[in-house]
Amino acid sequence: MDWEGEFYGFIMEIICKEGGTRLQMQAADIINEMQKLPPKHPVNMHRKQYGNLQQCLKTCKKPFFIFQDNIVKLLPKEQIDKIAQFVPQYDLYCQNYVTVLEKICQVLKVNRMNECLRCKQQYRIDFNKQNSCEDNFHNPKFDIQY
């Protein structure tokens, strides 16, 4: 039985379902979800091999996430796409990513904002002026009709 595959598939699935628009979760919340599974479930068996979640995540050979300050955050889409063949539940991730982008665009539209491709900052479209971003205007990431 592939405990490791089940474990990382569970991590991807739970973050996609519960991770919000930031596609991240606190380690404690992931552990709480794991504890809802039966004790002999492959996800729990893999975790128990290493003692705790942090040790399990450190052993991932092709990480599709960043584990920092007790938060598990999925890598940016561009990076996940590059390692897609190693990413469990990749199709679920792609479906979820479209939904996340739609939610982000809705929030940005309501607030008359966008995100800059160059500096990665969110900005108010009403204040996008020369020298706002690297001696230039912000370059909008999303094509939003305001």
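Residues numbered from 1 in each chain as written. Predicted model: local features only at pLDDT ≥ 70, side-chain atom pairs only at ≥ 80, totals over all residues. Heavy atoms only, no water.

Our next topic: the pattern of salt bridges. Applying the stated rule across the entire model yields 7 salt bridges. With a closest N to O distance of 3.7 Å, Glu4 and Lys61 form a salt bridge. One end of the pair, Glu4, is in helix α1 (residues 3–18); the other, Lys61, is in the loop between α4 (53–58) and β2 (65–68), and 57 residues separate them in sequence. Lys61 sits in the exposed class, given a relative accessible area of 68%. A salt bridge links Glu33 to Lys36, with the shortest nitrogen-to-oxygen separation between them at 3.1 Å. (Salt bridge = Lys/Arg side-chain N within 4 Å of Asp/Glu carboxyl O. Helix = DSSP H or I, 4+ residues; strand = E, 2+ residues; numbered from the N terminus. Buried < 20%, exposed > 50% of the residue type's maximum accessible area, 1.4 Å probe, protein only.)

Take the packing of aromatic side chains next. For the structure shown, the criterion picks out 6 aromatic pairs. Ring geometry for Phe7 versus Tyr8: centroids 5.0 Å apart, planes at 80°, classification edge-to-face. The exposure class of Tyr8 is buried, given its relative accessible area of 5%. Judged by centre distance (6.3 Å) and plane angle (20°), the ring pair of Tyr8 and Phe65 falls under stacked. Of the two residues, Tyr8 is situated in helix α1 and Phe65 in strand β2; the sequence distance between them amounts to 57 residues. (Phe/Tyr/Trp six-rings, centres within 6.5 Å; stacked < 30°, edge-to-face > 60°.)

Of the positions making up helix α3 (residues 42–50), those classed as buried are Pro42, Val43, Asn44, Met45, His46 and Arg47. Contact partners of the buried residues in α3: α1, α2 (27–35) and α4. Taken from the residues just after α3, Gly51 is the one with a positive phi, measuring 100°. (Contact = heavy atoms within 4.5 Å.)

So, about the side chain of Asn114. Looking at where Asn114 falls in the secondary structure, it is placed in strand β4 (residues 113–115). Judged by relative accessible area, Asn114 falls into the buried class, the value being 2%. For Asn114, the side chain forms a polar contact with the main-chain nitrogen of Lys141, separated by 3.5 Å. Among the polar contacts made by the side chain of Asn114, one reaches the main-chain carbonyl oxygen of Phe142 at a distance of 2.7 Å. Not counting residues within four places of it along the chain, the set of residues in contact with Asn114 comprises Leu108, Gln121, Gln122, Tyr123, Ile125, Pro140, Lys141, Phe142, Ile144 and Tyr146. (Polar contact = N/O pair within 3.5 Å; in protein donor to acceptor, adjacent residues only side chain to side chain.)

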